[in-house]
Amino acid sequence: MDVKEFDYDLPEELIAQDPLEDRASSRLLVLDKKTGEIEHRHFREIRSYLRAGDVLVINNTKVIPARLYGTKEGTGAAIEILLLKNKGNDIWETLVKPGKKAKPGTVISFGDGLLTGEVVDVVEEGNRLIRFHYTGIFNEILDQLGQVPLPPYITHKLEDRSRYSTVYEKYEGSAAAPTAGLHFTRELLQEIREMGVEIAEVTLHVGLGTFRPVKVDKVEEHHMHSEFYSIEEEQAERINRAKAEGRRVIAVGTTSCRTLESAADRKGHVKAGSGWTEIFIYPGFEFKILDALITNFHLPQSTLLMLISALAGKEKIMHAYEEAIKERYRFFSFGDAMLIYDGTDAESADTVKAGTDAESTGTVKAGTDAESTGTVKADTDGGDGNGTCKAE
């Protein structure tokens, strides 16, 4: 499968540079993955597509101020690093610019020596392992010196760091936000709970894969970088109970999707625990857990675009993106949202109209089925030859 099949042209002015004042006021493109039917809504109307018994799965990771600017001791050369993965014992895997100035033994000073780091090794794709030295608590120093690592396509300065965070963030560790969750307010989540929708939490710390473009020509040859995930026993039981009872599991974002599918066994049972996943989901992948997906709009030729294409089909996704561009949706991290779902799953006899206090007895049949943004690469478990899976 050629990576270029996932390309599209996006006018630069449709790349959202700033978050909306009201998170839930973003637009929502609803895609029915069975029929390809599309509806245009606002995110607050997501309630119309949910019903009592659904399980909404959110990623409770918290973005850390992972970008640090320092100077090389001895020369004063400017060096920028991005924290990617905590390896333990104050050692982090990092992305360093310029890498040629950061050979093993190099010492980098941050904040006039408040924090120093020594390059101890060069690993995969030129990433550096850096051991940090400091007095006090690392995360407090990071809060003082670090910056939120916004994607390169966002050129505006972020005035309020909390706007690149979900309202339900909990565990620090991500280099990027799970952006599908940015649309939820606390009030909207409470309204969803009151409908009888259950909320399940998982953790996946977003790492290097978010920043790395696909550099190969063939989709099947791409390798995902590993990311840490965790699912607590209580949360796994909530998800498994829903699947056993025929209720829907709806992931908020590709990171939640990838966590669920990484933790699933061959029988579609989510295992509690933690580990590292390299799952890469692309067309041909057989989903074991996911029924529907809430996601943002993704970059051309990205693994996230491939993931949602695995859920709804490439042709339906590319058509939906054409429609979104025509309708002037806002794209990427601070942009609008997409729901990818199966409209035939709407069992309620009555349609819940947008803007009403939706009771759990009614579901709205929308013409689109939630988006997905992640790619799965799983080892041997369920591919049919078109998609593979590699989970650690």
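Quantities reported herein were computed from a predicted structural model and do not represent experimental measurements.

Caption draft 1: Expanded view of the overall build of the protein. Summing up its helical and strand segments, the protein has 6 helices and 17 strands in all. Counting across all 392 residues of the protein, residues that qualify as buried make up 58%. Pairs at least 24 apart in sequence give 73% of the contacts found in the protein among residues at least 6 apart.

Caption draft 2: Representation of the pattern of salt bridges. In this structure the tally under the stated criterion is 20 salt bridges. Asp-54 is the salt-bridge partner of Arg-248, the closest N and O atoms lying 2.7 Å from each other. Taken together, the positions of Arg-248 in the loop between helix 3 (233–244) and strand 14 (249–252) and Asp-54 in the loop between strand 2 (38–42) and strand 3 (55–59) put the pair 194 residues apart, joining distant regions of the chain. Taking the shortest distance from any N to any O, the salt bridge between Glu-198 and Arg-247 comes out at 3.1 Å. Of this pair, Glu-198 sits in strand 12 (residues 198–204) while Arg-247 sits in the loop between helix 3 and strand 14, placing them 49 residues apart in sequence.

Caption draft 3: Spatial organisation of the side chain of Thr-166. Locating Thr-166 in the fold gives a position in the loop between helix 1 (138–145) and strand 11 (171–174). Assessed through its relative accessible area of 6%, Thr-166 is described here as buried. From its side chain, Thr-166 meets the backbone nitrogen of Glu-169 in a polar contact 3.1 Å long. Residues contacting Thr-166, with those up to four places away along its chain left out, are Arg-23, Thr-61, Pro-178, Gly-181 and Leu-182.

Caption draft 4: Local environment of helix 6 (residues 314–326). If you check helix 6, its first and last C-alpha atoms are 18 Å apart, about what 13 residues at 1.5 Å a residue would give, namely 18 Å. Those residues of helix 6 not exposed but buried are Lys-314, Ile-317, Met-318, Ala-320, Tyr-321, Glu-323, Ala-324 and Ile-325. On the buried face of helix 6, the contacting elements are strand 1 (27–32), strand 2, strand 16 (292–296), helix 5 (303–312) and strand 17 (337–341). After helix 6 finishes, the residue Arg-328 shows a positive phi value of roughly 65°.

Caption draft 5: Expanded view of unusual backbone geometry. Between Lys-97 and Pro-98 the backbone carries a cis peptide bond, its omega angle lying at -10°. Within the fold, Pro-98 resides in the loop between strand 7 (91–97) and strand 8 (107–110). In this structure, Glu-125 is a non-glycine residue whose phi angle is positive, near 55°. Counting through the fold element by element, Glu-125 comes out in the loop between strand 9 (115–122) and strand 10 (128–134). Although it is not a glycine, Arg-328 sits at a positive phi angle of roughly 65°. With respect to the secondary-structure elements, Arg-328 resides in the loop between helix 6 and strand 17. In this structure Arg-328 comes out as partly exposed when scored by relative accessible area, which is 45%.

Caption draft 6: View of the packing of aromatic side chains. Across all of its chains, the model carries 18 aromatic pairs by this definition. With a centroid separation of 5.0 Å and an interplanar angle of 85°, the aromatic rings of Phe-285 and Phe-287 are classed as edge-to-face. Overall, the relative accessible area of 7% leaves Phe-285 in the buried class. Consider the rings of Tyr-321 and Phe-331, whose centres lie 5.8 Å apart with planes at 80°: the pair is edge-to-face. Of the two residues, Tyr-321 sits in helix 6 while Phe-331 sits in the loop between helix 6 and strand 17, which places them 10 residues apart along the sequence. Taken individually, Tyr-321 and Phe-331 each receive the classification buried, so the pair is uniform in this respect. If you follow Arg-27 out to its NZ or CZ, it ends over the ring of Tyr-329, 4.0 Å from the centre.

Caption draft 7: Representation of the sheet that holds strand 7. Pairing within the closed barrel is antiparallel, and its 6 strands lie in the order 5-6-7-10-9-8. Averaged over all neighbouring strand pairs, the angle between strand axes comes to 45°, with direction disregarded. Where strand 5 (residues 67–72) meets strand 6 (residues 78–88), 5 bridges bridge the pair, whose relative direction is antiparallel. Across the sheet, Arg-67 pairs through a bridge with Leu-82, a residue of strand 6.

Caption draft 8: The sheet that holds strand 15 (residues 273–277), seen in detail. Strand order in this open sheet of 9 strands is 2-1-17-16-14-3-12-13-15, and the pairing throughout is mixed. In the strand order of this sheet, the two ends are held by strand 2 and strand 15, each with one partner. Each strand of the sheet is rotated relative to its neighbour by a mean of 25°, with strand direction disregarded. Of the strand pairs in this sheet, strand 1 and strand 2 are connected by 5 bridges, and their pairing is antiparallel. Note on strand 2: the bridge partner recorded for Leu-31 is Ile-38. This element, helix 6, spans strand 1, strand 2, strand 16 and strand 17 of the sheet and lies at about 150° to strand 1.

Reading guide: rules and limits
Residues numbered from 1 in each chain as written. Predicted model: local features only at pLDDT ≥ 70, side-chain atom pairs only at ≥ 80, totals over all residues. Heavy atoms only, no water. Helix = DSSP H or I, 4+ residues; strand = E, 2+ residues; numbered from the N terminus. Buried < 20%, exposed > 50% of the residue type's maximum accessible area, 1.4 Å probe, protein only. Contact = heavy atoms within 4.5 Å. Salt bridge = Lys/Arg side-chain N within 4 Å of Asp/Glu carboxyl O. Polar contact = N/O pair within 3.5 Å; in protein donor to acceptor, adjacent residues only side chain to side chain. Expected span 1.5 Å × (residues − 1). Phe/Tyr/Trp six-rings, centres within 6.5 Å; stacked < 30°, edge-to-face > 60°. Lys NZ or Arg CZ within 6 Å of the ring centre and 35° of its normal. Pairing = 2+ DSSP bridges. Axes fitted to C-alpha atoms, helices over the stretch in contact; angles between N-to-C directions.

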